[in-house]
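Residue-level structural notes
The primary structure of each chain is shown beneath.
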Amino acid sequence: MVKVRRTRRAAVLSASLACASVLAACAPASGANTVNLYYAPEEHLQTVVDRCNATSGGRYQIVYHKLPREADGQREQMVRRLAAGDSGMDILGLDVTWTGEFAEAHWIREWTGADKADAERGTLQGPLETATWNGKLYAAPKNTNVQLLWYRSDLVSEPPATWEDMIADAQRLKQEGKPHWISFSGAQFEGLFVHYNTLVESAGGHIVSDDGRRAVVDQGAVRALEVLRDFGNAGVTSAAMNNAKQDDARMEFETGQAAFQLNWPFVYPSMQEDKPDLARNVRWARLPSVIPGVPSKSTIGGYNLAVSQYSTKPELAFEAARCLRSPENQKFSAIEDGLPPVVESVYADPAMDAEYPMKDAILDALKDPGVRPVTPAAQNVSTVLSNELAPIAAIDPQRIADRMRTEVQNALDSKGVMP
């Protein structure tokens, strides 16, 4: 039986209140062995910090400073301080899309030698790609994430294999007067770009060249636009879909009116706590394919640990970061906070079986994932694409693709887009 734990949405909200000001409320601690960690609110991360401090032998004392709840706020706080050469930050929790930007700006240090070897040992390739820029490792993956298809087994006996199958199943259920919505985060924000990137990768397409410098937006990207357009016009979503973010989609699914949901694994413990009767009939699978017979590529989420270029204690910071992401602590965070590990061996640990029942589906997706374009202009690219994609029902695939090609190149060249 899966244990029911306090949902992350409540924990994140309460934790974010501890760092309400962008600059003043999170003043760094000082001390010869103090290592200041700046990281997103995470319910049980303080326990991991305490464990590392207890085993450090007094070499370092990590102090956890909670960044704002939203990713934009996290990035803003760190960018402002790093641009000013602030030496009060040692370890930085970076969203997986920020590596190129922070590395190109010379704000973070390269992982080398024993530190690099430790970061790479047993780590899945996809997460490592998000921590790499220009062939060098600039961060150590701490946790990762992929979206799954959540479906009701009392309504469909098997998960749909493709997007066309999922839409057809939902339309059949609608005709039968049964719950049929596909809960989807269609608001104009980073989450919509994540869905689109998953479709592009699943279609074998590219948005940006491999070196992160040139806009591509090829036929695979056009096919992804066609899938979104068809989905948006299929009559199988709620009226709120165009304004929904991930937590809105979660709550919508929990009303019982949806048959499917495309979302991160955090939705599962929430269902266990809030809607146990519904949860008994919920199953999970890899996201539907775009090309029949070709597995989907779910876009990686997660966080990486970087060491600030301005840290006055980089050796201690690297050592502390290694502890924070150790396999044992990754297992703890997976079980307690629902954060998928980046070290593959952790998934085979028997302790994961009861607490993390969707682990095999997650690992399967992680072994063949989608990765958002790795570029110093990742924030600009995301903003441009999110603007172009919403609302999805209004997408004109070829016209939008042509416009995307121009706008993405402008973003890569830092023209006309504010970060």
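In what follows, the accompanying structure is described. (Residues numbered from 1 in each chain as written. Predicted model: local features only at pLDDT ≥ 70, side-chain atom pairs only at ≥ 80, totals over all residues. Heavy atoms only, no water.)

Before going further, it helps to spend a moment on the nonpolar core. Ranked by size, the top nonpolar core spans 50 residues in total, and within it Trp-163, Tyr-196 and Phe-260 carry the most contacts. Those residues in contact with Tyr-196 that lie beyond four places of it in its chain are Ile-207, Ala-221, Ala-224, Leu-225, Leu-228, Leu-389 and Met-404. Residues Leu-45, Leu-92, Leu-137 and Tyr-303 belong to the second largest nonpolar core, which totals 46 residues. (Core = buried A, V, L, I, M, F, W, Y, C linked by side-chain atoms within 4.5 Å. Buried < 20%, exposed > 50% of the residue type's maximum accessible area, 1.4 Å probe, protein only. Contact = heavy atoms within 4.5 Å.)

All right, on to the packing of aromatic side chains then. Each aromatic ring pair is specified by the distance between its two centres and by the angle formed by the two planes. The full count for this structure, using the stated rule, is ten aromatic pairs. When the centroid spacing of 5.4 Å and the interplanar angle of 80 degrees are considered together, the rings of Phe-102 and Trp-107 count as edge-to-face. Of the two residues examined, Phe-102 and Trp-107, each falls in the buried class. Here the aromatic rings of Trp-163 and Phe-231 are separated by 5.4 Å at their centres, their planes lie at 85 degrees, and the arrangement is edge-to-face. On the criterion of sequence distance, the pair formed by Trp-163 in helix H7 (residues 163-175) and Phe-231 in helix H9 (residues 219-232) is long-range, its members being 68 residues apart. One exposure class covers both Trp-163 and Phe-231, and it is buried. Grouped by ring-pair contacts, the aromatic residues Trp-98, Phe-102 and Trp-107 constitute a single cluster. (Phe/Tyr/Trp six-rings, centres within 6.5 Å; stacked < 30°, edge-to-face > 60°. Helix = DSSP H or I, 4+ residues; strand = E, 2+ residues; numbered from the N terminus.)

Bringing helix H3 (residues 71-83) into the picture now. With 13 residues, H3 ought to run about 18 Å at 1.5 Å a step, and its terminal C-alpha atoms sit 18 Å apart, in line with that. For H3, the full list of buried residues reads Gly-73, Gln-74, Arg-75, Gln-77, Met-78, Val-79, Arg-81 and Leu-82. In the stretch just after H3, Gly-85 is the one whose phi turns positive, near 70 degrees. (Expected span 1.5 Å × (residues − 1).)

If you trace the four strands from one edge of the open sheet to the other, you get S8-S9-S7-S10, paired in mixed fashion. Of all strands in the sheet, those with a lone pairing partner are strand S8 (181-183) and strand S10 (282-285), marking the two edges. The sheet shows a mean angle of 20 degrees between the axes of neighbouring strands, direction not considered. Pairing between S8 and strand S9 (residues 258-263): three bridges, direction parallel. By the bridge assignment, Ile-182 is partnered in S9 with Phe-260. The sheet strands contacting H7 are strand S7 (148-152), S8 and S9, and the helix crosses S9 at an angle near 150 degrees. (Pairing = 2+ DSSP bridges. Axes fitted to C-alpha atoms, helices over the stretch in contact; angles between N-to-C directions.)

Once that is clear, we can look at the state of the cysteines. According to the stated counting rule, one finds one disulfide in the structure shown. Two residues share a disulfide in this structure: Cys-52 and Cys-323, whose sulfurs sit 2.1 Å from each other. Note on the Cys-52 and Cys-323 pair: the S-S dihedral is about -100 degrees, so by sign convention the disulfide is left-handed. Residue Cys-52 is located in helix H2 (residues 45-55), and its partner Cys-323 is located in helix H13 (residues 314-324); the two are separated by 271 residues in the primary sequence. (Disulfide = S-S within 2.5 Å.)

We now examine empty space enclosed by the protein. A complete count under the given rule lists four cavities of 30 Å³ or more for this structure. Taken together, the residues of the lining of the second largest cavity sort by class into five nonpolar, five polar and one charged. (1 Å grid on protein atoms, 1.4 Å probe; cavity = no way out; pocket = protein on both sides within 12 Å on 5 of 7 lines; lining within 4 Å. Points joined across faces, edges and corners; volume = space filled by probe spheres on them. Nonpolar A, V, L, I, M, F, W, Y, C, P; charged D, E, K, R; others polar.)

Turning next to the pairing of strand S3 (residues 91-95). In terms of burial, S3 is a largely internal element, five of the five residues being buried. Burial of S3 is two-sided: the residues Ile-91, Gly-93 and Asp-95 facing one way and the residues Leu-92 and Leu-94 facing the other way are all buried. Across two bridges, strand S1 (residues 34-39) lies against S3 in parallel orientation. The residue of S3 that forms the bridge with Tyr-38 is Leu-92.

With that out of the way, let us pick up the sheet that holds S3. On the basis of which strands lie adjacent, the open sheet formed by five strands has the order S2-S1-S3-S11-S6 and mixed pairing. For this open sheet the edge positions go to strand S2 (61-66) and strand S6 (140-145), each flanked by a neighbour on one side alone. Strand after strand, the sheet turns through a mean of 20 degrees between neighbouring axes, direction not considered.

Another point: the pattern of salt bridges. This structure, assessed with the given rule, holds 30 salt bridges. When the shortest N-O distance is used, the salt bridge between Glu-176 and Lys-178 registers 3.4 Å. Relative accessible area serves as the criterion here: at 39%, Lys-178 is assigned to the partly exposed category. Glu-344 is paired through a salt bridge with Lys-367; the nearest N and O atoms lie 3.0 Å apart. Remark: Lys-367 occurs in the loop between helix H16 (359-366) and helix H17 (378-389) and Glu-344 occurs in the loop between helix H14 (327-337) and helix H15 (351-355); sequence separation between them is 23 residues. The class of Glu-344 is partly exposed, set by a relative accessible area of 33%. The exposure class assigned to Lys-367 is exposed, which follows from its relative accessible area of 52%. A network of salt bridges, in which partner residues are shared, links Asp-115, Asp-118, Arg-121 and Arg-322. (Salt bridge = Lys/Arg side-chain N within 4 Å of Asp/Glu carboxyl O.)

Looking now at the environment of Ile-182. Mapped onto the elements of the fold, Ile-182 is located in strand S8. On a C-alpha basis, the gap between Ile-182 and Gln-257 in space is 9.1 Å, while along the polypeptide they are 75 residues apart. Beyond its immediate sequence surroundings of up to four residues, Ile-182 is in contact with Met-166, Ile-167, Ala-170, Phe-231, Val-236, Thr-237, Glu-252, Phe-260 and Leu-262.

Turning next to the side chain of Asn-197. Of note, Asn-197 is situated in helix H8 (residues 190-202). With relative accessibility at 2%, the residue Asn-197 sits in the buried group. For Asn-197, the side chain forms a polar contact with the side chain of Thr-299, separated by 3.1 Å. For Asn-197, the contacting residues outside a window of four places in its chain are Ile-207, Thr-299, Gly-370, Val-371, Arg-372 and Pro-373. (Polar contact = N/O pair within 3.5 Å; in protein donor to acceptor, adjacent residues only side chain to side chain.)

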